[in-house]
Amino acid sequence: MECYFLRNKIVAPSFTYDMKKFLCILAVLVTFSSYSSSILIPMDAEGQKNHLKAYGITYWVLAKQQKVQWLLNYRGGAFLLPDGESIRKECQIRGVSFEILSDGQAQSILDGISSPSQNQEAVILEKAPKIAVYSPKGNQPWDDAVTMVLTYAEIPYQTIYDTDVLDDKLALYDWLHLHHEDFTGQFGKFYGAYRAAPWYIEAKQKAEALATELGFSKVSEEKRAVSQKIRNYVIGGGFMFAMCSATDSFDIALAAEGVDICEPMFDGDPSDANYQSKLNYNKTFAFTNFTLERNPLRYEFSSIDMTNKRRNVPRESDYFSLMDFSAKWDPVPTMLCQNHTSLVKGFMGQTTAFTREQIKPTVMVLGENKINGEARYIHGIKGKGFFTFYGGHDPEDYQHRVGDPKTELELHPTSPGYRLILNNVLFPAARKKKQKT
């Protein structure tokens with residue numbers, strides 16, 4: 001029996017109610033301070049009520065110079081954060097589900113993930129990437145899913161455009177998103193349906209004025225120069241993400257270096273004779289052996305896009321599946337495919353999906369619809385950098401049209417399609433092995 005020394009006398013302890021209460025409280029405090037050292041943000045369907053804002057929390061922690069572990073293929077790609085009262089409060093404010101883990105619980109999860117029998121991996125995220133969105137001033141609400149989800153997730157970004165790119169300001173950023181741009185100089189191929197619309201006329205005039213200001217005689221020449229600057233940014237180690245028409249029009253602009261592919265209504269003079277045969281596919285990032293659309297009245301750039309080849313696909317069965325990669329051996333594509341479902345709703349765009357036969361063999365397909373023979377989500381390495389192309393316009397608006405209201409992401413906080421965008425946002429923060437160029 002333990003004894004206590006009191007005024008030089010040895011006495012047996014008297015466990016009064018107050019002492020018992022004090023010892024219980026002390027034990028709870030000691031246990032809490034010793035073991036509750038981590039916050040788990042689950043990303044599975046059952047455990048998370050706001051997947052999109054969860055990425056914002058993770059970015060917010062990284063911005064405070066704290067490291068995060070991304071638990072690939074564990075509970076939908078959960079995040080393991082350091083514990084802290086400020087992080088808990090931020091999760092509560094933003095409506096993000098989280099769990100408090102003891103040291104033992106966190107280590108047990110990490111031990112299980114490290115097992116060779118599990119297709120899981122813990123990737124360290126080290127630094128909040130600096131984000132740039134390539135977008136013209138005054139873009140309309142329907143213009144861009146990426147800016148909408150960055151705003152909703154509360155992830156900061158800077159908007160840049162042609163002047164900034166040509167002034168070599170891309171070097172200031174880790175991650176670049178290409179707004180739904182037409183890099184071919186054909187003004188989005190909207191001529192057939194909207195050439196008399198005031199917004200089309202105004203946009204064309206602004207683009208022409210900017211090209212002149214920057215010292216170019218044509219918009220197509222200016223956009224090609226911008227494309228080449230972006231190409232060099234990626235080759236030098238940058239991360240580029242593009243959706244919809246910014247994907248194929250970017251590659252077309254690179255392939256058409258020194259070739260006039262624009263008809264007179266776009267640039268005031270005829271296109272080069274036999275310009276198709278003059279394309280150089282060696283200069284592109286993702287696509288090869290494609291055929292350009294010569295008809296200026298047709299809302300299409302090339303054979304890369306599957307939109308007009310999939311007219312009979314019913315909306316209710318329009319889905320694409322995410323590929324399954326080895327988390328330990330292929331952490332990069334695994335990161336980009338993290339989700340709480342492997343089946344994602346399809347959605348349309350000017351460039352909806354990519355023709356499989358015209359994707360270079362060095363490019364990884366991350367999401368596909370095998371029935372339609374199309375790729376929806378692809379990724380590749382260029383030099384020291386990376387690029388991801390994502391087909392379609394808005395993951396939660398099946399067939400968005402010019403003038404439609406923007407998507408309200410408060411109604412879609414668990415969107416799997418939007419999660420793929422945010423995977424790419426966090427991707428540059430990851431500690432990665434050196435890649436072969």
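This text follows the structure it describes.
Residues numbered from 1 in each chain as written. Predicted model: local features only at pLDDT ≥ 70, side-chain atom pairs only at ≥ 80, totals over all residues. Heavy atoms only, no water.

Taken as a whole and judged by the stated rule, the model has 24 aromatic pairs. Note on Phe-239 and Phe-386: the rings are 5.3 Å apart at their centroids and 15° apart in plane angle, and the pair reads as stacked. Separated by 147 residues along the polypeptide, Phe-239 in strand S11 (residues 239–243) and Phe-386 in strand S17 (residues 385–390) bring together distant segments of the chain. Sitting above the plane of the Tyr-191 ring, Arg-195 keeps its charged end 4.9 Å from the centroid. Of note, Arg-376 hangs over the ring of Phe-347, and the distance from its end group to the ring centre comes to 5.2 Å. (Phe/Tyr/Trp six-rings, centres within 6.5 Å; stacked < 30°, edge-to-face > 60°. Helix = DSSP H or I, 4+ residues; strand = E, 2+ residues; numbered from the N terminus. Lys NZ or Arg CZ within 6 Å of the ring centre and 35° of its normal.)

Applying the stated criterion across every chain yields a total of 23 salt bridges. Between Arg-310 and Asp-318 there is a salt bridge, with its nearest N and O atoms 2.8 Å apart. A salt bridge links Lys-370 to Glu-368; the shortest N-O distance between them is 3.9 Å. Lys-370 sits in the exposed class, given a relative accessible area of 67%. Residue classification places Glu-368 among the buried positions, given a relative accessible area of 5%. Here the residues in one salt-bridge network are Lys-53, Glu-90, Arg-94 and Glu-154, joined through shared partners. (Salt bridge = Lys/Arg side-chain N within 4 Å of Asp/Glu carboxyl O. Buried < 20%, exposed > 50% of the residue type's maximum accessible area, 1.4 Å probe, protein only.)

With antiparallel pairing, five strands are arranged side by side in an open sheet as S6-S3-S5-S4-S7. Each end of this open sheet is capped by a strand with a single partner; those strands are strand S6 (99–101) and strand S7 (121–125). Strand-to-strand twist in this sheet, taken as the mean axis angle between neighbours without regard to direction, amounts to 30°. Two strands pair when backbone bridges link them, and strand S4 (residues 68–72) and strand S5 (residues 78–82) are joined in this way by three bridges, in the antiparallel orientation. Across the sheet, Gln-69 pairs through a bridge with Leu-80, a residue of S5. Relative to the sheet, helix H3 (residues 85–94) contacts strand S3 (38–41), S5 and S6, its axis offset from that of S3 by approximately 20°. Sheet strands touched by helix H4 (residues 103–114): S3, S4, S5, S6 and S7. Its angle to S6, the strand with the most contacts, is close to 95°. (Pairing = 2+ DSSP bridges. Axes fitted to C-alpha atoms, helices over the stretch in contact; angles between N-to-C directions. Contact = heavy atoms within 4.5 Å.)

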